[in-house]
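# Structural overview for review
Listed below, chain by chain, are the residues.
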Amino acid sequence: SLDLARVVRDCAEDRRAAMADAGVRLTVDFPDGPVWTTGDGTRLSQTVGNLLSNAQKFTDRGGEVRVGLRADPGRHLAEVSEASDIIYNAAHEE
C-alpha cells in the first residue's frame, strides 16, 4: 500500500518553485495524516505531476492553482483546480 497524501503532497512541492517563477500561487489542502491506498506510486506521481504542470501552463500570471485530497472511509478524492475551474478530479473507492 502507499500513502496517497504523501504522493500528492510531494508532487505539489516539486512544482512549487516553478509555479512561483511563473507567478502562479499554489495552495494545498490535505488531511493531516496518511491516506493509505493501493496503486502504482510511480504512475500516480506522473499523473499528478502532469496535471500540475498543465495547470501551471494554462494559469495566467497572478492566478492560483489548488491541489487537494479528501479521504472518506472507503473513498479518496484528489483534485487539481485553477481558479474556480476543476481541471481534474478522481475518486478512488476501496
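Residues numbered from 1 in each chain as written. Predicted model: local features only at pLDDT ≥ 70, side-chain atom pairs only at ≥ 80, totals over all residues. Heavy atoms only, no water.

## Some thoughts on helix H2 (residues 41-57)
Each full turn of the α-helix corresponds to 3.6 residues, which orients residues three or four apart in the same direction. What counts is decided by this rule: In this text, helices come from DSSP runs of H or I with a minimum length of four residues, and strands from runs of E with a minimum of two, each type numbered from the N-terminal end. Helix span is expected to be 1.5 Å times the residue number reduced by one. Buried residues are those whose accessible area, probed at 1.4 Å on protein chains only, stays under 20% of the maximum for their type, while exposed residues exceed 50% and partly exposed ones sit between those limits. Relevant arc is that of directions from the helix axis to the C-beta atoms, nothing else. The term polar contact refers here to a pair of N or O atoms within 3.5 Å; inside protein, the definition further demands a hydrogen-donor-capable atom paired with an acceptor-capable atom, and it admits residues adjacent in sequence only when both atoms are side-chain atoms.
Its 17 residues give H2 an end-to-end C-alpha distance of 24 Å, which sits within 8% of 24 Å, the value for a rise of 1.5 Å per residue. Among all positions of H2, only Val48, Gly49, Leu51, Leu52, Ala55 and Gln56 are buried. Down the axis of H2, the buried side of the element spans an arc of 160°, and every buried residue falls inside it. Measuring from the backbone nitrogen of Thr42 back to the side-chain oxygen at the start of H2 gives 3.0 Å, which picks out Asp40 as the cap.

## Notes on the side chain of Thr59
Note the following rule: The contact rule is simple, with two residues in contact once any of their heavy atoms fall within 4.5 Å.
Within the fold, Thr59 resides in the loop between H2 and strand S4 (64-72). Among the polar contacts made by the side chain of Thr59, one reaches the main-chain carbonyl oxygen of Ala55 at a distance of 2.4 Å. Beyond its immediate stretch of four places on either side in the chain, Thr59 contacts Val24, Glu64, Val65 and Glu82.

## A few points about the pattern of salt bridges
Our working rule: Within this document, salt bridges are pairs made up of a side-chain nitrogen of Lys or Arg and a carboxyl oxygen of Asp or Glu, the two lying within 4 Å of each other.
Considering all chains together, one arrives at four salt bridges under this definition. Glu13 is the salt-bridge partner of Arg16, the closest N and O atoms lying 3.0 Å from each other. Note that Arg16 and Glu13 are positioned in helix H1 (residues 4-21) at a spacing of three residues, about one turn of the helix. Judged by relative accessible area, Arg16 falls into the partly exposed class, the value being 30%. Notably, a salt bridge pairs Arg25 with Glu64, separated by 3.5 Å at the nearest N-O pair. Separated by 39 residues along the polypeptide, Arg25 in strand S2 (residues 25-29) and Glu64 in strand S4 bring together distant segments of the chain. Residue Arg25 is classed as partly exposed on the basis of its relative accessible area, which comes to 46%. Residues participating in the shared-partner salt-bridge network are Arg25, Glu64 and Arg66.

By themselves these figures say nothing about function.
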